[in-house]
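Residue-level listing of the chains:
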Amino acid sequence: QVQLVESGGGLVQPGGSLRISCAASGSNFLIAAMGWYRQAPGKQREFVASITWSGVSTYYADSVKGRFTISRDNAKNTVYLQMNNLKPEDTAVYYCKTTLQKSRRVDGYWGQGTEVTVSS
């Protein structure tokens, strides 16, 4: 029903910035919310940020609050994550997730991830 494709990951120095994107495509779907999760080597996947698709409510993990900003473009079915003042502990594979309106799949859909490495 829907496919998610992330882009924009790469290598950045500590204190630098990076913007990653996630575009949803498919047919017969309506987005309820989209968000970002990340998984570092040897650690469990954790929540980073999310945004609703109508009322525009945003949520952030304490570890990224004040540094990361999530936004969306309804017309393009795309969510963005602007990451500023990056730290080595931000190194992880970042995964995009979407939940849909009136969907049988209540757990939502996941993208394949984009790798972000913060190192000098």
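Computed from a prediction, not measured in an experiment: that's the story for all the values here. (Residues numbered from 1 in each chain as written. Predicted model: local features only at pLDDT ≥ 70, side-chain atom pairs only at ≥ 80, totals over all residues. Heavy atoms only, no water.)

Bringing the overall build of the protein chain into the picture now. When helices and strands are tallied, the protein chain shows zero helices and 11 strands. Mapped from its N terminus to its C terminus, the protein chain presents α and β elements in the order β-β-β-β-β-β-β-β-β-β-β. For the protein chain, whose C-alpha radius of gyration is 14 Å, the value lies close to the compact-globule estimate of 14 Å for 120 residues. If one aligns the C-alpha atoms of the protein chain with their principal axes, the spans along those axes are about 45 × 25 × 20 Å. Taking all 120 residues of the protein chain together, 38% fall into the buried category. Put simply, 54% of the contacts in the protein chain that link residues at least 6 apart link residues at least 24 apart. For the protein chain, the accessible surface area stands at approximately 6700 Å², while carbon and sulfur atoms represent 45% of it. Charged side chains of the protein chain number 13 positive and 8 negative; the gap between the two group centres comes to 7 Å. (Helix = DSSP H or I, 4+ residues; strand = E, 2+ residues; numbered from the N terminus. Rg over C-alpha atoms; globule rule 2.2 N^0.38 Å. Buried < 20%, exposed > 50% of the residue type's maximum accessible area, 1.4 Å probe, protein only. Contact = heavy atoms within 4.5 Å. Areas by Shrake-Rupley, 256 points an atom, 1.4 Å probe, with all protein chains shown as cover. Lys, Arg positive; Asp, Glu negative; His and termini not counted. Charge placed at Lys NZ, Arg CZ, Asp CG, Glu CD.)

According to the stated counting rule, one finds two aromatic pairs in the structure shown. Between the aromatic rings of Y37 and F47, the centroid separation amounts to 5.6 Å while the plane-to-plane angle is 75°, which identifies the pairing as edge-to-face. Of the two residues, Y37 sits in strand β4 (residues 31-39) while F47 sits in strand β5 (residues 46-52), which places them 10 residues apart along the sequence. Take F47: its relative accessible area is 30%, and that puts it in the partly exposed class. Seen from their ring centres, Y37 and W110 are 5.0 Å apart, and the 65° between their planes marks the pair as edge-to-face. Here Y37 is found in strand β4, whereas its partner W110 is found in strand β10 (residues 109-110), with 73 residues between them in sequence. The partly exposed category is assigned to W110, whose relative accessible area is 35%. Put simply, the rings of Y37, F47 and W110 pair up and form one aromatic cluster. Stacked on the ring of W53, the Lys or Arg R72 has its end atom at 5.9 Å from the ring centre. (Phe/Tyr/Trp six-rings, centres within 6.5 Å; stacked < 30°, edge-to-face > 60°. Lys NZ or Arg CZ within 6 Å of the ring centre and 35° of its normal.)

All chains considered together, the criterion is met by four salt bridges. A salt bridge links K65 to D62; the shortest N-O distance between them is 3.1 Å. For the pair K65 and D62, one class covers both residues: exposed. Notably, a salt bridge pairs R67 with D90, separated by 2.8 Å at the nearest N-O pair. Taken together, the residues span a long stretch of sequence, with R67 in the loop between β6 (58-60) and β7 (68-73) and D90 in the loop between β8 (78-83) and β9 (92-100) at a distance of 23 residues. (Salt bridge = Lys/Arg side-chain N within 4 Å of Asp/Glu carboxyl O.)

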